Amino acid sequence: MSTSNGLAEIIQYFKNDSGFERLMSGMFDLYNRYGRCFSAVRLSRPTIDEEKALSKFFNRDYYDQVLIRIGLAEFERQVHKVFKHEVSLATILETYFGRTITSYSEPVSDTNRYKDAFTRTIRDNVLPKYEETPAAAWLVEMLAHMRRTYRQWADQYPHEPDNVLTMVSDVCEAINALPQAGQLIRLSDFAAQYLDDSRALDFHSPMGPLFLRALAHRFQLAVPTVLEDSIRLYLQAGLLSDGVLSQVTVRGIKAEDEACILYDQLGEAHVLTLENICRLNSASAYGEKVFVIENPHVFSALCERLSGQNCTLICASGGLNPALERLLELCVESGATIYYAGNIDYKGLTLADKIYLRFGKQFIPWRYGKADYEMLFSGSDYLLPDDRKDLAMHNEDLAALLSLLRKKGKSASSLPLVGLLAEDIRAMLGME
């Protein structure tokens, strides 16, 4: 088979089947971006034509899938196997579309040369400027992991060298200006003061991911991948994330704060943001017992049943977010014990185990055992999803409850326990 005849046969095969159109377009875009067989096309919600075409071409079942992933290198190998012709994917794509791949016309070696230029620039120009500062250790770490952890910025450098270098320098300035231990400043005020842009260091800003990597290295922590972990890392650095991204609903918190005192006197529940809590020097609980309620409906019902009676209730419907964690830390520091009551399901158990891991012996499962589940099980209509097979508990009592939960296959709401929970609180606090 001649080269021209072989290529013509390949192109005709793919052009005659509409099921390949989206795949070919996606591969052209990726090849144009990277200049080689790299990455994969992801076909979300594939059509029947696409399922048929791909199943036949790859001799593999691609039917009834929400997402089909086809690697460029995998596709090229299959072309060689099916057509017995060693034509490159670049040639196939250029002939199929009648266009030349131009966005990345330089060879891969030249691309690497530009990346190496970025490394040399950091090493020779940026590092010496910050050599005697806290940022130097992070720059050294960046140089050591340029092609993996920092690949995103190395890839961006050939296209926007000035912008990337400015981001690196700005992050160095921010790391060197972090507040002293015990100090706290709003993230937006900090960014405005040192970078002239109040939003420059936000989680979702272009510089945000780079700043988080630098912070994680500074405090020897894992790089956060979710917003709440980012808020925790900011907080450790003395930076307070803006807004009510982290908050908790409470009733009966004793603290030297006008709002807390007022709501406590009124016996009403109120919301504390992370910023509110960070301003507190201390916080304590009635009878040195904090009752953490996962279910907001149970929390509301308990507030009604215990109206006029002094007790400390915290609603943890959002999970162990930074605000809840910080408030519990203050309460435990004052000598309080945490009693946890939640729905008997995967979410409730996960939250319980997180609190246990954080506070250890100060954590007590409350109406949250085998007997309670057996009592609730008969009236439960909630089937458990079958997607948490890897879930494991560190607390022995919680592990036993998880085993029973999986055996029964049904979750149970803690709402029917409201009466018993209210009685327990009255008994533990000596209420009449």
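A short tour of the structure in this document, coming up. The shown structure was predicted, so the numbers you read here are calculated from the model rather than taken from an experiment.

Procedures and definitions
- Residues numbered from 1 in each chain as written.
- Predicted model: local features only at pLDDT ≥ 70, side-chain atom pairs only at ≥ 80, totals over all residues.
- Heavy atoms only, no water.
- Helix = DSSP H or I, 4+ residues; strand = E, 2+ residues; numbered from the N terminus.
- Rg over C-alpha atoms; globule rule 2.2 N^0.38 Å.
- Buried < 20%, exposed > 50% of the residue type's maximum accessible area, 1.4 Å probe, protein only.
- Contact = heavy atoms within 4.5 Å.
- Areas by Shrake-Rupley, 256 points an atom, 1.4 Å probe, with all protein chains shown as cover.
- Axes fitted to C-alpha atoms, helices over the stretch in contact; angles between N-to-C directions.
- Parallel < 35°, antiparallel > 145°, perpendicular 65-115°, else oblique.
- Nonpolar A, V, L, I, M, F, W, Y, C, P; charged D, E, K, R; others polar.
- 1 Å grid on protein atoms, 1.4 Å probe; cavity = no way out; pocket = protein on both sides within 12 Å on 5 of 7 lines; lining within 4 Å.
- Points joined across faces, edges and corners; volume = space filled by probe spheres on them.
- Pairing = 2+ DSSP bridges.

Right, let's get into the overall build of the protein chain. Along the protein chain, the regular secondary structure elements total 20 helices and 12 strands. Here the C-alpha radius of gyration of the protein chain, 29 Å, is well above what a compact globule of 432 residues would show, namely 22 Å. Here the C-alpha coordinates of the protein chain stretch approximately 95 × 60 × 30 Å along the principal axes. Taken over 432 residues, the protein chain has a buried fraction of 47%. The contacts in the protein chain between residues at least 6 apart in sequence include a share of 69% that link residues at least 24 apart. When the accessible surface of the protein chain is totalled, it reaches about 22100 Å², and 47% of it is carbon and sulfur.

Bringing the packing of helix H12 (residues 227-236) against helix H16 (residues 322-333) into the picture now. Look at H12 against H16: their axes get within 9 Å of each other, and the N-to-C directions meet at 50 degrees. Looking at the two axes, H12 sits oblique to H16. Together, Glu 228, Ile 231, Arg 232 and Leu 235 of H12 and Pro 322, Glu 325 and Arg 326 of H16 make up the contact between the two elements. Of the residues that constitute the contact of H12 with H16, the class distribution is 3 nonpolar, no polar and 4 charged.

Regions of empty space are outlined by a rolling probe, equal in size to a water molecule, passed over the atoms. Empty space within the largest pocket amounts to approximately 320 Å³. Taken together, 20 residues form the lining of the largest pocket, with Pro 179, Gln 180, Ala 181, Gly 182 and Ala 237 sitting closest to its centre. Elements represented by at least two residues in the lining of the largest pocket include exactly helix H9 (161-176) and H12. For the lining of the largest pocket, the per-class residue count stands at 11 nonpolar, 7 polar and 2 charged.

On to the sheet that holds strand E7 (residues 289-293), then. Pairing is mixed across the open sheet formed by 6 strands, whose spatial order is E6-E5-E8-E7-E9-E10. In this open sheet, the two strands that pair with only one neighbour each are strand E6 (270-273) and strand E10 (363-365). Across the sheet, the mean angle separating the axes of adjacent strands is 30 degrees when strand polarity is ignored. In this structure, strand E5 (residues 247-251) lies alongside E6, joined through 4 bridges in antiparallel fashion. Bridge assignment links Val 250 to a residue of E6, and that residue is His 270. Contacts from helix H17 (residues 346-359) reach E7, strand E9 (337-341) and E10, with the element oriented near 170 degrees to E9. Sheet strands touched by helix H20 (residues 418-428): E7, strand E8 (312-315) and E9. Its angle to E7, the strand with the most contacts, is close to 170 degrees.

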